[in-house]
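# Coordinate inspection notes
Chain by chain, the residues:
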Amino acid sequence: MFEGITSESHFETVGDLRVHYRRAGRGPTLLLLHGSTSSLEHFDGAAAILQNDFDVVRLDLPGFGLTGARPDRDYRIRTYADTVAGFMAQLGISRWAVAGNSLGGNVAWNLALDYSDRVRALVLVNATGYPEKALPLGMRLARNPLAGRLMRTWMPRRMVEGGLRQAVGAQSTIVTAAMVDRVHRLWNHDANRAAFVDFVNTDQPDRTADLCRIQAPTLVLRSAELDGQHFARDIPGAREAIHPHTGHLLPEEDPGWFAEQISLFLHELPQDDRR
């Protein structure tokens with residue numbers, strides 16, 4: 001058994017992909033989507049809280065975690081959204097709330113645009129998608145032809161640790177040896193290194209002009225030190241909550257705050273929207 005697969009691990013075939021996921025809890029379904037270079041373990045702490053009130057589903061997005069690389073190397077955001085929608089259909093879940101961090105947030109709001117009949121509520125956590133958003137060092141390196149070629153075959157643990165420390169708030173203590181080991185191990189699973197380079201070098205059309213068409217009730221969670229996000233401005237009726245201390249990995253840095261914000265938001269929805 002590959003390290004990282006536990007008794008809670010399940011796999012679902014979606015097209016040519018064998019998607020790794022975990023599911024726990026009872027109640028309305030809440031789908032959690034992690035960011036780039038991450039995995040479903042990003043939500044371990046929050047899921048343990050949220051599963052008391054929700055049917056919590058979290059998966060490793062294609063190119064990351066134990067799902068691994070896409071055979072077709074198609075890492076367009078709309079393809080991600082189509083895969084996630086197909087995955088939820090495979091599970092027999094027709095309507096759900098979705099919360100996404102970073103890349104997962106980008107996928108989440110594209111789901112809200114393209115599958116509006118299925119997304120009952122949307123939570124965006126330090127989400128991406130605006131073309132002017134600054135790129136972290138790892139992504140900038142992956143766009144360099146020489147560095148990108150090297151990253152396809154080699155990812156030193158020290159670089160992984162540096163990237164994690166850059167992604168968290170100044171007061172965060174979550175970057176432990178165990179966390180670095182986990183992320184570094186998953187970097188080296190099933191061509192994930194090459195998948196990351198492919199993803200970073202994929203042209204992504206700018207769809208932010210369509211944000212005004214999102215109809216799902218929306219909560220925007222943002223870390224105070226991050227900028228370049230305008231979702232609360234551009235999505236009609238969106239509300240925003242700002243965490244004063246966390247960095248880009250907000251759900252992992254403060255899972256209690258993250259879970260509380262989502263729970264309050266979803267419990268305030270009209271009864272028909274909770275199913």
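The notes below deal with the structure included here. This structure is a prediction, so every number in the text was calculated from the model and none was measured.

### Observations concerning the pattern of salt bridges
- A full pass over the atoms with the stated rule returns 18 salt bridges.
- For Asp 44, the salt bridge goes to Arg 22, with nearest N and O atoms at 4.0 Å. Residue Asp 44 is located in helix H1 (residues 44–50), and its partner Arg 22 is located in strand E2 (residues 17–24); the two are separated by 22 residues in the primary sequence.
- Taking the relative accessible area as the measure of exposure, Asp 44 reaches 34% and is therefore partly exposed.
- In this structure Arg 22 comes out as buried when scored by relative accessible area, which is 7%.
- Its salt-bridge partner being Asp 210, residue Arg 213 comes within 3.8 Å of it at the nearest N-O pair.
- Overall, the relative accessible area of 25% leaves Asp 210 in the partly exposed class.
- If you follow the salt bridges from partner to partner, you end up with Arg 22, Glu 41, Asp 44 and Arg 58 in one network.

### Quick word on helix H7 (residues 177–187)
- Listed in full, the buried residues belonging to H7 are Met 179, Val 180, Arg 182, Val 183, Arg 185, Leu 186 and Trp 187.
- The inward-facing, buried residues of H7 abut helix H6 (157–167), helix H8 (192–200) and helix H10 (250–253).

### Some words on unusual backbone geometry
- With a phi angle near 60 degrees, Thr 37 is a residue other than glycine that sits in the positive phi range.
- Tracing the backbone shows Thr 37 in the loop between strand E3 (29–33) and H1.
- Given a relative accessible area of 30%, Thr 37 falls into the partly exposed group.
- Non-glycine residue Asp 190 carries a positive phi angle of around 45 degrees.

### Here's the deal with the pairing of strand E6 (residues 119–125)
- With seven of seven residues buried, E6 is to be regarded as a mostly interior element.
- Pairing analysis gives six bridges linking strand E5 (residues 96–101) to E6, with the strands arranged parallel. Looking at the pairing, Gly 100 lines up with Leu 124 of E6.
- You can see the chain leave E5, run along helix H3 (residues 103–114) and come back into E6, and the turn it takes is right-handed.

### Structural notes on the sheet that holds E3
- Here eight strands make up an open sheet; going across it, the order is E1-E2-E4-E3-E5-E6-E7-E8 and the pairing mixed. For this open sheet the edge positions go to strand E1 (10–14) and strand E8 (239–243), each flanked by a neighbour on one side alone. With strand direction ignored, the average angle separating the axes of adjacent strands in the sheet is 25 degrees.
- Relative to strand E4 (residues 55–59), E2 is paired through four bridges, and the arrangement is antiparallel. Within the sheet, the bridge partner assigned to Arg 22 lies in E4 and is Arg 58.

What counts and what doesn't
Residues numbered from 1 in each chain as written. Predicted model: local features only at pLDDT ≥ 70, side-chain atom pairs only at ≥ 80, totals over all residues. Heavy atoms only, no water. Salt bridge = Lys/Arg side-chain N within 4 Å of Asp/Glu carboxyl O. Helix = DSSP H or I, 4+ residues; strand = E, 2+ residues; numbered from the N terminus. Buried < 20%, exposed > 50% of the residue type's maximum accessible area, 1.4 Å probe, protein only. Contact = heavy atoms within 4.5 Å. Pairing = 2+ DSSP bridges. Right-handed = clockwise from strand over helix to strand, strands pointing away. Axes fitted to C-alpha atoms, helices over the stretch in contact; angles between N-to-C directions.

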